[in-house]
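# Results of the structural survey
Spelled out from the first residue to the last, the chains are:
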Amino acid sequence: MAAFLQWRRFVFFDKETVKDAGDNGKNFVLPVGISACDSGRGHIVLGDMDGQIWFLTRSLQLSSFQAYKLRVTHLYQLKQHSILVTVGQDEQGINPLVKVWNPDKRDSGNPLCTRIFPAIPGNKPTEVSCLSVHENLNFMAIGFTDGSVVLTKGDITRDRHSKTLTLHEGTCPITGLAFRQQSKVTHLFVATLEKVHCYTLSVKEYPKLELDTHGCALRCSALTDPSQDSQFIVAGDECVYLYQPDERGPCFAFDGHKLLAHWHRGYLLLLTRDTKSPNKSEFGSRETSPSEKQILTIYDLDNKFIAYSASFDDIIDVLAEWGSFYILTRDGKMFVLQEKDTQTKLEVSFRSQKNLFVMAINLAKSQHLDSDGLSEIFRQYGDHLYVKGDHDGAIQQYIRTIRKLEPSYVIRKFLDAQRIHNLTAYLQALHRQSLANADHTTLLLNCYTKLKDSSKLEEFIKSSESEVHFDVEIAIKVLRQAGYHSHAVFLAERHQHHKWYLKIQLEDLKNYQEALRYIGRLPFDQAESNMKRYGKTLMHHVPDGTTLLLKGLCTDYQPSRDAMERDSLDRGPAVAKKANSEEFISVFANNPRELRAFLEHMIEVEPFSSQGVYDTLLELRLQDWAHEQDSERKKVLQGAALSLLRSDNTVFDKALVLCQMHNFKEGVLYLYEKGKLYQQIMHYHMQNEEYGKVVEACKRYGDQEVCLWEQALGYFARKEEDCKAYISQVLEHIDQNNLMPPLLVVQTLAHNSTATLSVIKDYLINKLQRESQQIEDDERKIRQYREETAHLRAEIQELRSSAKIFQKTKCSMCNSPLELPSVHFLCSHSFHQHCFESYAESEAECPTCTPENRKVMDMLRAQDQKRDLHDHFTRQLRCSNDGFSVVADYFGRGVFNKLTLVTDPPGSKVGVGSLEGTMDTTACNCTLLPFSHYHADPNQAGLALIFYFQIVLFSTVGLCGSAWFNSIV
């Protein structure tokens, strides 16, 4: 009773009398003589003492049909099926009948009765005390006043598919029955005036378990809904008990004489007799005195409060339908209790007691209030506690508003230094739910640093990676700014923020060796990018280690791992990657020694390194060579530089500039020679006034560029020093190779005051002597060509005027005695006919003379093809030292002539023996320039003259026949 008095009372239901809308708003009147009630499937079912069953709809429309002849005693409306089970009497006496109705189906306008059977336990008739039907329509239990329970198993709507048995027998009347379905297990609770039992119907033997020795009165038991684990409620006069199938559950001290117990949507409805009213406890007595008062109380067992309590006069039953409770009284009235909405109930609770927030929260949860509504209650509760000064409690409520309440609302309240630990708790909750932004992370870390709570800070940053609920980069920044460098480094390393790890190690901790070790453990791409970023700093402080790492990075990089990692990681052969070594040259800006070692390692391991590597190494070697004072060491460095130049991996222009900058003579001359810049070589010697080297360069490269001798002569001619010996050497070579006209030589040397006539005396004498000798040779050849021409003319004349006698006795081919038949040619060659046929290429040509004649004709064709090559002629004339000879040569080829050869008409043939009759000079004409046109070059003129007479001889006389001449042309 004390516990009951501590429960708070509220009025969460509004009581109204049901009005008849069709009768000018008068009170609705129930049918007279109601003996049984139930509800479900959208209507209220009433049974009366006249055997009628009434259906009341939500619009208060009543309909009825005659179910029994005498009266209806019990009704059970299934909630999931349109099935109504009734118990009543058709005859006088104790003879109850069970009828199963289907209201959706009609039989002569009434609901269809699908089954009728008598409700008798055994053979002795007794009255029915209670009724219960399983929602799956496979079980129906009927309790009797003699203490027996009859169970119908199978389809309760049909006689053929069900069987009936007596499940329970006793001496105490049955007061309550309820089916409980949990998964595939079905239980039946049985309550009497003295005991509570539970049967397991899923087992064949139907085992029974006695749960308690306290019973209840009729209609004082109920079954909770599945949300309350479907517990069986037994309302005794002293307490209300809840039972599980295997044990008794909690109990509530609600005393008072219980008349009715119902359960609906988390509410327990108890109807008790007013203590001021006379006591009536006889079983089955439904008659009450007109003055009897009854108290209807609605309990919320979860939240421990009374939702409604009021007194009524003589209640028949309380039914739940259409979301409300309907109270039926014996005076024909019907009242409705409508539950207030959740927000109104919360306002009522806040209004009644300002500190009932816990109960309000539980109420909201039981009413399935949405998260927004719950969050608002938590906020109000937090504000209430904050005003009272309970900051720890307030922050706990604010934490429950996360995801709904703006964090800034809470943060502003706890920014005071005295409340920083509360703010820390709230920010931690934000991070745990992954709702913190960068500002929240910054604020939380600042709270940790202000509180100097290193343990919390470490716990926060060292949480497992799956539990990280903050922006790691922001955390690193804040820790670094607050001076917690070791924590920031740990966070950066753990979450692989390589940039921040290296930045802190190098800029804050100055731990260069550790930073270098860390880079060496990174993947290739990360290691490469960080070495480009921090390479200069590391090179300045850790030159040897940095150089070693760069050597590996640019050749065959493999991330370094400790022994445990290597044992635990079995990744197979990794693909080696290489960085571009040229990109890291700038890292060695102030470390030439390390740069030299790096570059030499690169060209040794990678002979085909980029040209930039070779160029930089060349520059380093040239610098060393230029600054070296020891002659032996300088010689070694010179050889190293030259070997690098000879590797052909340097850029020519860059290497040449470097050699010139460092005045590396051997390298400059080598590159000039390599690039075939012979004039540059000679000019280099001229600039250094190395006269002997100038002459040596002319001798070495004069064959490739003959103009070098002319330039050398001009160089020495401009010198005022005594260079007679060198001039003599140059003139000697010019004279031997006829490189310059004598007049040009004289003009060149005329500007030198030290060059006297004695210098060129020998040159002029030799030149004149050769010219004279050449003139004599030309005159001799002219005379020879004239004699040959005269001889040829005489021979032609003889052929024209005299008969040709063939006196050959031997074959010109086989050198055997000549026998008939034979073939004779005017060229005095004779052949056996079989020899001629075997060796001759044509019937009209002499096999012996054909090769020589063909050479002459080929020369003529070649001259004819080249006579239009004006570009070739111009280029040759420009490049030659003696242009007159070139012109004479082309004159000799007939470039400036037009040669016309006219052959015999087709079909004409000259007989071998008919010499006189075939001398027609018009048959084949050859138009040539007069011989005087060839005087420009005697050699060419003589040769052309010989060709001239040969052609005249062949064409005019027909030395080998007109057809032979045609084939030549």
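Residues numbered from 1 in each chain as written. Predicted model: local features only at pLDDT ≥ 70, side-chain atom pairs only at ≥ 80, totals over all residues. Heavy atoms only, no water.

## Brief notes about the UniProt feature "domain: RING-type" (unreviewed entry) in the protein chain
- Those places that UniProt annotates as "domain: RING-type" (unreviewed entry) correspond, in this numbering, to residues 811–850.
- Secondary structure within residues 811–850 divides into 20% helix and 15% strand; the distance between the first and last C-alpha atoms comes to 16 Å. (UniProt positions renumbered as here; feature names shortened; annotations may be inferred. Helix = DSSP H or I, 4+ residues; strand = E, 2+ residues; numbered from the N terminus.)

## Overview of the side chain of Glu594
- The topology assignment puts Glu594 in helix H17 (residues 592–605).
- Contacts of Glu594, omitting those with residues within four sequence positions, involve Met539, Pro543, Asp544, Thr547 and Phe588. (Contact = heavy atoms within 4.5 Å.)

## Let's talk about the environment of Ala310
- Mapped onto the secondary structure, Ala310 falls in strand S28 (residues 305–313).
- Spatially, the C-alpha atom of Ala310 lies 9.8 Å from that of Leu271, the residues being 39 residues apart in sequence.
- The contacts of Ala310, once residues within four sequence positions are left out, are Gln294, Ile295 and Leu296.

## Looking at the pattern of salt bridges
- Taken as a whole and judged by the stated rule, the model has 19 salt bridges.
- With a closest N to O distance of 3.9 Å, Asp317 and Arg219 form a salt bridge. Taken together, the positions of Asp317 in strand S29 (residues 315–321) and Arg219 in the loop between strand S20 (208–212) and strand S21 (221–223) put the pair 98 residues apart, joining distant regions of the chain.
- Using a relative accessible area of 27% as the deciding quantity, one classes Arg219 as partly exposed. (Salt bridge = Lys/Arg side-chain N within 4 Å of Asp/Glu carboxyl O. Buried < 20%, exposed > 50% of the residue type's maximum accessible area, 1.4 Å probe, protein only.)

## Observations regarding the sheet that holds strand S10 (residues 84–89)
- Read across the open sheet, the four strands follow the order S9-S10-S11-S12; overall the sheet is antiparallel. Looking along the sheet, the strands with just one partner apiece sit at the ends: strand S9 (71–77) and strand S12 (110–118). Adjacent strand axes in the sheet meet at a mean angle of 25°, parallel and antiparallel pairs treated alike. (Pairing = 2+ DSSP bridges. Axes fitted to C-alpha atoms, helices over the stretch in contact; angles between N-to-C directions.)

## As for the packing of aromatic side chains
- Counted by the stated rule, this structure contains 27 aromatic pairs.
- Between Phe254 and Tyr299, the aromatic rings sit 4.0 Å apart at their centres with planes inclined by 10°, giving stacked as the arrangement. Of this pair, Phe254 sits in the loop between strand S24 (248–252) and strand S25 (258–264) while Tyr299 sits in strand S27 (residues 293–300), and the two are 45 residues apart along the sequence. Note on accessibility: Phe254 and Tyr299 belong to one class, buried.
- Ring geometry for Tyr398 and Phe414: centres 6.2 Å apart, planes at 75°, overall edge-to-face. A residue pair is termed long-range when its members are at least 10 positions apart, and Tyr398 in helix H5 (residues 391–399) and Phe414 in the loop between helix H6 (407–413) and helix H7 (420–432) qualify at 16 residues. The same class applies to Tyr398 and to Phe414, which are both buried.
- In this arrangement the basic side chain of Lys413 is found over the ring face of Tyr386, its NZ or CZ atom lying 4.8 Å from the centre. (Phe/Tyr/Trp six-rings, centres within 6.5 Å; stacked < 30°, edge-to-face > 60°. Lys NZ or Arg CZ within 6 Å of the ring centre and 35° of its normal.)

## What about the sheet that holds strand S5 (residues 34–40)?
- The antiparallel open sheet is built from four strands, whose spatial order is S5-S6-S7-S8. Where the open sheet ends on each side, the last strands, each with one partner, are S5 and strand S8 (62–66). Mean inter-strand twist for the sheet, computed between neighbouring axes without regard to direction, equals 20°.
- Taken together, the five bridges between strand S7 (residues 52–56) and S8 define a ladder with antiparallel strand orientation. Paired with Phe55 across the strands is Ser63, a residue of S8.

## Some thoughts on the pairing of strand S30 (residues 324–329)
- Within S30, six of the six residues are buried, which leaves it mostly tucked inside the rest of the structure.
- Because side chains alternate across S30, one face comprises the buried residues Ser324, Tyr326 and Leu328, and the other comprises Phe325, Ile327 and Thr329, equally buried.
- With six bridges joining them, S29 and S30 adopt antiparallel strand pairing. Residue pairing for S30: Val318 is matched across the bridge by Ile327.
- Linking S29 back to S30 in an antiparallel pair, the connection comprises two residues, with Trp322 at a positive phi of about 55°.
- Both S30 and strand S31 (residues 334–339) contribute to a ladder of five bridges, which runs antiparallel.

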